[in-house]
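Observations on the three-dimensional arrangement
As a plain string of letters, each chain reads:
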Amino acid sequence: MFDYKRLEAVDIQGEPPRYEPERQYYYMKKCREWAEQEEERAGRPLTMSIQTLGCQMNAKDSEKMTAVLAYMGYQETVEPVADFVLYNTCTVRENANLKIYGRLGYLKNHKKKNPHMKIALCGCMMQEKDEVEKIKRSYPFVDLVFGTHNIYKLAEILYRQIQSGHRVVDVWDEPEEIVEDLPGKRKYPFRTGVNIMFGCNNFCSYCIVPYVRGRERSREPEDIIREISALVADGVVEVMLLGQNVNSYGKTLEQPISFAELLRQVEKVEGIRRIRFMTSHPKDLSDELIAVMRDSKKICPHLHLPLQSGRSSILAQMNRRYTKEQYLNLARKLKTEIPQISLTTDIIVGFPGETEEDFQETMDVVGLVGFDTAFTFIYSKRTGTPAAAMKDQVPEDVVKERFERLLKKVQETGAKVSGRQLHTVQEVLVEEVNDHDSRLMTGRLGNNTIVHFPGTEALIGKIVRVSLDEFKGFYYLGKIKNKQDKEAR
């Protein structure tokens, strides 16, 4: 739980503190003074709209920025237009960039009507120099531009913009430090993500993430455990440990530890009920990690293990550093050691040079492994990556036809394995009222499968026992086992 007393103790009459996080506390309080004046001018509360594209890392960043703006006095709105509009961008695929430009075009007229409105862009797309230059050249109404490495400086960057009255572009080529003890606002009070590391050292040939997120930096285990302990004290029962490749956790620390050892420490935190993590890279998923998952009573039996391609030669060109056979052996080992495990994956269709024979190898792996589900993507050419310069780019019509075949295969195999817990009683973390039927609650099994069942809002955030009576392809319908199980366990 964030210590607001520490924030309020910072004096804003003099010069800003030199060190973090007090420096950001100083600017948060300065911006709050300004926001109070703006609210008086407008005659109403100020509103904010933070829209997040991309991965769980971006979602976690947005939680932090939401809390910073909320402290200043901004109130969240579901409307796409607000007094402060922030897009936390993704650039893994070209379509994500195009979405941002479309949304900026929509905001242009709103900015003309309300010149006091602030528009901010941050995140991965802003780490691409060409995109930043395009924003500077073609979108002069954008007020703030910053990247992934200095998201924690939102308050300071905003204050600079307020003081100057001009756009502020502050994008760093490299990260400087990991700043702890900043506020965050959780989407769910009972579960949240916890960053354990930042950046990536893998340099897959198609992926721009290492270029926009930087090299791997791990947080100290003591800081992670301290954060999780505080979250548990604030009502959290489930945490998701986040990193671009969690299996590499701890290698950059002065006193290196393994990810498996970190999991052992997290499991000892009293009050935590469920532990999840993502993403794992197949190349360094260790026997130690499998053993920790097997023996744990808190680590959820769900592993997201990106495949990307089932052809060894394509995997080599992708710089994935494992073969089809190694992946299959790993999947077999996981299912042998942890029979109840749910395996999910990512697959790219149409990587440069992919032939029909290559594609059939991918289809083969999908059938052999039996993924609960797979996130399938059409290859997106990203400037600056080695794959973008490769010859034999696959024609669009061929890629789309393969994509449809893969999607059908994934759905067929997923439907077969996902319902294996039918007619059993399982623990479900209740998340929310069902958005289609208010008489039903929606929750999640440990293996991440969705369950809908009759209940009331009083169950939200609790773990209850539910009988899984019907399987509908990718979710269950059930009912609470008995009266006693309606109470939190």
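Relevant structure appears above.
The present account deals with the structure reproduced in this document. (Residues numbered from 1 in each chain as written. Predicted model: local features only at pLDDT ≥ 70, side-chain atom pairs only at ≥ 80, totals over all residues. Heavy atoms only, no water.)

Description of the packing of helix α3 (residues 56–72) against helix α6 (residues 154–164)
The axes of two packed helices give the description: the angle between them and the distance between them. As a packed pair, α3 and α6 sit with axes 10 Å apart at the nearest point and diverge in direction by 50 degrees. With respect to α6, the element α3 is oriented oblique. Facing Met 65, Val 68, Leu 69 and Met 72 of α3, the residues of α6 in contact are Leu 154, Ala 155 and Leu 158. Its residues assigned to classes, the contact of α3 with α6 comprises seven nonpolar, no polar and no charged. (Axes fitted to C-alpha atoms, helices over the stretch in contact; angles between N-to-C directions. Helix = DSSP H or I, 4+ residues; strand = E, 2+ residues; numbered from the N terminus. Parallel < 35°, antiparallel > 145°, perpendicular 65-115°, else oblique. Contact = heavy atoms within 4.5 Å. Nonpolar A, V, L, I, M, F, W, Y, C, P; charged D, E, K, R; others polar.)

Details of the side chain of Arg 276
Residue position: Arg 276 is located in strand β11 (residues 274–278). In terms of polar contacts, Arg 276 uses its side chain to reach the backbone carbonyl oxygen of Leu 445, at 2.9 Å. For Arg 276, the side chain forms a polar contact with the main-chain oxygen of Gly 446, separated by 2.9 Å. When residues no more than four places from it in sequence are discounted, the contact partners of Arg 276 are Glu 238, Val 239, Met 240, Leu 241, Cys 300, His 302, Arg 444, Leu 445, Gly 446, Asn 447 and Asn 448. (Polar contact = N/O pair within 3.5 Å; in protein donor to acceptor, adjacent residues only side chain to side chain.)

Considering the nonpolar core
Formed by 67 residues in total, the largest nonpolar core has its most connected members in Ile 228, Leu 241, Phe 259 and Phe 277. Excluding anything up to four places from it in sequence, Phe 277 contacts Met 240, Leu 241, Val 246, Phe 259, Leu 263, Leu 289, Met 293, Ile 299 and Leu 303. By size, the runner-up hydrophobic cluster in this structure holds 33 residues, among which are Leu 7, Met 48, Phe 146 and Val 168. (Core = buried A, V, L, I, M, F, W, Y, C linked by side-chain atoms within 4.5 Å. Buried < 20%, exposed > 50% of the residue type's maximum accessible area, 1.4 Å probe, protein only.)

With respect to the packing of helix α9 (residues 259–267) against helix α10 (residues 287–295)
As a packed pair, α9 and α10 sit with axes 8 Å apart at the nearest point and diverge in direction by 20 degrees. Here α9 is positioned roughly parallel relative to α10, judged by the angle of their axes. Contacts from Phe 259, Ala 260, Glu 261, Leu 263 and Arg 264 of α9 reach α10 at Glu 288, Leu 289 and Val 292. Taken together, the residues of the contact of α9 with α10 sort by class into five nonpolar, no polar and three charged.

Focus on the packing of aromatic side chains
Tallied over the full model, the rule gives 17 aromatic pairs. Geometrically, the ring pair formed by Tyr 327 and Phe 371 is tilted, given 6.3 Å between the ring centres and 55 degrees between the ring planes. Remark: Phe 371 occurs in the loop between α13 (356–369) and β14 (373–378) and Tyr 327 occurs in helix α12 (residues 324–337); sequence separation between them is 44 residues. Among the residues examined, Tyr 327 registers a relative accessible area of 2% and is labelled buried. Considering the side-chain rings of Phe 351 and Tyr 379, the 5.7 Å spacing of their centres and the 75 degrees angle between planes classify their relative orientation as edge-to-face. Placement of Phe 351 in the loop between β13 (342–349) and α13 and of Tyr 379 in the loop between β14 and α14 (396–418) is noted, with a sequence separation of 28 residues between them. Residues Phe 351 and Tyr 379 agree in their burial class; the two are buried. In textbook terms, an aromatic cluster arises when at least three aromatic residues are bridged by ring pairs, as seen for Phe 2, Tyr 4, Tyr 25 and Tyr 71. Positioned above the aromatic ring of Phe 377 is the side chain of Arg 93, whose terminal nitrogen or guanidinium carbon lies 3.6 Å from the ring centre. (Phe/Tyr/Trp six-rings, centres within 6.5 Å; stacked < 30°, edge-to-face > 60°. Lys NZ or Arg CZ within 6 Å of the ring centre and 35° of its normal.)

Quick notes on the sheet that holds strand β16 (residues 440–444)
Ordered by their spatial adjacency, five strands build a closed barrel running β15-β16-β17-β19-β18, and the pairing between neighbours is mixed. Neighbour to neighbour, the strand axes of the sheet diverge by 55 degrees on average, direction disregarded. In the sheet, strand β17 (residues 450–454) pairs with strand β19 (residues 475–480) via three bridges, with the strands oriented parallel. Note that in β19 the partner of Val 451 across the bridge is Tyr 476. (Pairing = 2+ DSSP bridges.)

Details of helix α5 (residues 129–138)
Of the residues making up α5, those classed as buried are Glu 131, Val 132 and Ile 135. The buried residues of α5 occupy an angular sector of 100 degrees when projected down its axis, which confines them to one face. In α5, the exposed positions angled more than 90 degrees off the buried face are occupied by Lys 129, Asp 130 and Arg 137. Of the surrounding elements, those touching the buried residues of α5 are α4 (94–113), β4 (118–123), β5 (144–146) and β6 (168–170). (Arc of directions from axis to C-beta.)

Here we look at the environment of Phe 471
Position of Phe 471 among the secondary structure elements: in strand β18 (residues 463–471). Taking relative accessible area as the criterion, Phe 471 reaches 21% and is therefore assigned partly exposed. Each residue touching Phe 471, except ones within four places of it in the same chain, is listed here: Ala 415, Ser 418, Gly 419, Leu 422 and Tyr 476.

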